[in-house]
Amino acid sequence: MIKKCIGCGAILQDNNPLIEGYTTVLTNDLCKRCFRMKNYGEYEFVTKDNLEYVKILNNIKNKSCLVLYIVDLLAIPKDITKIKEYVGNNEIILILNKKDVLPYKIKDEKLISYFKNYNIFKDIIVISANKNYNLDLLYSKINKPLVYVVGNTNAGKSTLINKLIKNYSIDKESSITISPMPSTTLNEIEINLNKFTLIDTPGLVDNSNVLNYVKEEMVKKLIPKQEIKTRTYQLKHKESLIVDTLFRLDYLNDFKNSFTFFISNDIDIKKISSKKNLELKDKHIKKIKVGIREDICINGLGFIKVIDPCEVNIYIDKDIEINIKIDGVDNDGNLKKNGKRI
């Protein structure tokens, strides 16, 4: 009989320790990988082709279900409407997760208004799975017996499901594996709640996200654990900012300008002179023009609010996407509309 790991969904097997789902005893509920993650915090990378995950999502088209599409507010997918290709005519609720890490002045209504132009969503809800924020509201919106939970890696799907189990299930001891590292869930996981069945799915890997290009220690720093405290730096010509080991920003204009960072509090930032310091200049250079009230958004990291139009050079891994977003967050917490990608 086929048995799946209750942590990641992989089919349990005792033949090859190098393949997903390995366990020494087939009657175990967890594979060795999930057991080590849950009990010792040890993460083991699993490399799978994104096409395998897409095949799993494509099965949703043939179901009659509700789809909960989880999005990390600091890593908005580059094409948020692409999810429709996978789920067909099923209704989609867009769930904007990790509200707790954004500055408090950014209001739910402003976040929701940013996405209202996309007419593929039945509803849009802002939540914090970590803090139980708006989970009662979300639970009240679930009106079908079968519910699929989808989204990119690290969007918070497993955290949300575990909170739903704890809040609303009779069996509160059940849980699925949570890790800050990408690709923790490897296959579908079925969870029965009181009035419906949840299906957790593997997160799609966004190859332009910074989380896919750093080591485990940096992943833990990149993911905010509490409300972001903004940091502002005044730059003059030939001054630069070194953002941990991630990227370098060189300011190129003659006038002074202001750069406010909306990123994890654990990421180090230092200001240097550009003249002789070559730190991080071995990375790929991206030349960027920032227009009036535009923000520099680095996929998976957060964004930088820039006061005046300017030009900057950013040295960063070449595959990490930088998005120039028009009118990001103004001083009143208003989140504005999107822009161009680099």
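Everything quoted here is computed from the prediction, not taken from an experiment.

> Sorry, what's going on with the overall build of the protein here?
In terms of regular secondary structure, the protein is built from 7 helices and 17 strands. Classification of the 342 residues of the protein by burial places 55% in the buried group. Taking all contacts inside the protein whose residues are at least 6 apart in sequence as the whole, residues at least 24 apart take part in 70%. Total accessible area computed for the protein in this model is approximately 16,300 Å², and 49% of it derives from carbon and sulfur atoms.

> Explanation requested: empty space enclosed by the protein in the structure shown.
In this approach a probe as big as a water molecule rolls over the atoms, and the regions it shows empty are the leftover space. For the structure shown, the criterion picks out 2 cavities of 30 Å³ or more. Around the largest cavity, the lining is made up of 22 residues, and of these Asp-72, Ala-75, Asn-154, Asn-209 and Leu-211 lie nearest the centre. Take the lining of the largest cavity: its biggest share by element is 4 residues, from strand 1 (residues 66–72). Per-class residue counts for the lining of the largest cavity are 12 nonpolar, 7 polar and 3 charged. In this structure, the second largest cavity spans a volume of roughly 40 Å³.

> It is not clear to me how the sheet that holds strand 3 (residues 123–126) should be interpreted in this structure. Could you clarify?
Strands belonging to one sheet form pairs held by backbone hydrogen bonds; the direction of such a pair is parallel or antiparallel. Here 6 strands make up an open sheet; going across it, the order is 3-2-1-4-6-5 and the pairing mixed. Strands at the two margins of the open sheet, each flanked by one partner only, are strand 3 and strand 5 (189–192). On average, each strand axis in the sheet is inclined to that of its neighbour by 25°, with strand direction left out of account. Across 4 bridges, strand 5 lies against strand 6 (residues 197–200) in antiparallel orientation. Within the sheet, the bridge partner assigned to Asn-192 lies in strand 6 and is Thr-197. Where helix 4 (residues 108–115) meets the sheet, its contacts fall on strand 2 (91–97) and strand 3, and the angle it forms with strand 3 comes to roughly 145°. Across the sheet, helix 6 (residues 157–168) touches strand 1, strand 2, strand 4 (146–151), strand 5 and strand 6, and the angle it forms with strand 6 is around 160°.

> Sorry, what's going on with the pairing of strand 9 (residues 247–251) here?
Looking along a regular strand, one sees the side chains alternate between the two faces of the sheet. Counting buried residues in strand 9 gives 5 out of 5 residues, a clear majority hidden from the surface. The alternating pattern of strand 9 places Phe-247, Leu-249 and Tyr-251 on one face and Arg-248 and Asp-250 on the opposite face, and all of these are buried. In terms of strand pairing, strand 8 (residues 239–243) meets strand 9 through 4 bridges, oriented antiparallel. For Ile-242, the partnering residue across the bridge sits in strand 9 and is Arg-248. Counting the residues in the hairpin turn of strand 8 and strand 9 gives 3 residues, including Asp-244, whose phi is positive at 50°. Taken together, the 4 bridges between strand 9 and strand 15 (residues 310–316) define a ladder with antiparallel strand orientation. Within the sheet, the bridge partner assigned to Tyr-251 lies in strand 15 and is Val-312.

> Just to check I follow, could you spell out the pattern of salt bridges for this structure?
Two side chains that carry opposite charge are able to pair once their charged atoms sit near each other. Tallied over the entire structure, the rule returns 15 salt bridges. The partner of Lys-318 in a salt bridge is Asp-319, and the shortest N-O contact between them spans 3.5 Å. By relative accessible area, which is 38% here, Asp-319 ends up partly exposed. Among the ionic contacts, a cluster of salt bridges with common partners joins Lys-221, Asp-244 and Asp-268.

> Please clarify how the side chain of Asp-250 should be interpreted in this entry.
Examined against the element boundaries, Asp-250 turns out to sit in strand 9. Of the polar contacts made by the side chain of Asp-250, one reaches the side chain of Ser-240; its length is 2.5 Å. Beyond its immediate sequence surroundings of up to four residues, Asp-250 is in contact with Glu-239, Ser-240, Ser-274, Lys-281, Glu-311, Val-312, Asn-313 and Tyr-315.

> Just to check I follow, could you spell out helix 6 for this structure?
Across its 12 residues, helix 6 extends 16 Å between first and last C-alpha, which sits within 8% of the 16 Å expected from 1.5 Å per residue. Along helix 6, 10 of the 12 residues are buried, which leaves the element largely enclosed by surrounding structure. Taken together, the buried positions of helix 6 are occupied by Lys-157, Ser-158, Thr-159, Leu-160, Ile-161, Asn-162, Lys-163, Leu-164, Ile-165 and Tyr-168. Packed against the buried residues of helix 6 are strand 1, strand 2, helix 5 (135–141), strand 4, strand 5 and strand 6.

> What is the right way to read the confidence of the model for the protein from this model?
It should be kept in mind that the predicted coordinates are not to be read in detail where pLDDT is low. Summing up the model confidence of the protein, the mean pLDDT is 84 and the portion of residues at 70 or higher is 87%. Between residues 177–183, whose pLDDT stays under 50, and residues either more than four places distant or in other chains, the model counts 34 contacts. Under a pLDDT of 50 for its full length, residues 327–339 has, in the predicted model, 49 contacts with residues more than four places off or in other chains.

> Where do I start with the sheet that holds strand 11 (residues 269–273) in this structure?
With antiparallel pairing, the 5 strands of this open sheet are ordered in space as 11-8-9-15-12. Two strands close off the open sheet at either side, each with one partner strand: strand 11 and strand 12 (284–290). Averaged over all pairs of adjacent strands, the angle between strand axes in this sheet comes to 25°, irrespective of strand direction.

Conventions and cut-offs
Residues numbered from 1 in each chain as written. Predicted model: local features only at pLDDT ≥ 70, side-chain atom pairs only at ≥ 80, totals over all residues. Heavy atoms only, no water. Helix = DSSP H or I, 4+ residues; strand = E, 2+ residues; numbered from the N terminus. Buried < 20%, exposed > 50% of the residue type's maximum accessible area, 1.4 Å probe, protein only. Contact = heavy atoms within 4.5 Å. Areas by Shrake-Rupley, 256 points an atom, 1.4 Å probe, with all protein chains shown as cover. 1 Å grid on protein atoms, 1.4 Å probe; cavity = no way out; pocket = protein on both sides within 12 Å on 5 of 7 lines; lining within 4 Å. Points joined across faces, edges and corners; volume = space filled by probe spheres on them. Nonpolar A, V, L, I, M, F, W, Y, C, P; charged D, E, K, R; others polar. Pairing = 2+ DSSP bridges. Axes fitted to C-alpha atoms, helices over the stretch in contact; angles between N-to-C directions. Salt bridge = Lys/Arg side-chain N within 4 Å of Asp/Glu carboxyl O. Polar contact = N/O pair within 3.5 Å; in protein donor to acceptor, adjacent residues only side chain to side chain. Expected span 1.5 Å × (residues − 1). pLDDT = per-residue confidence, 0-100.

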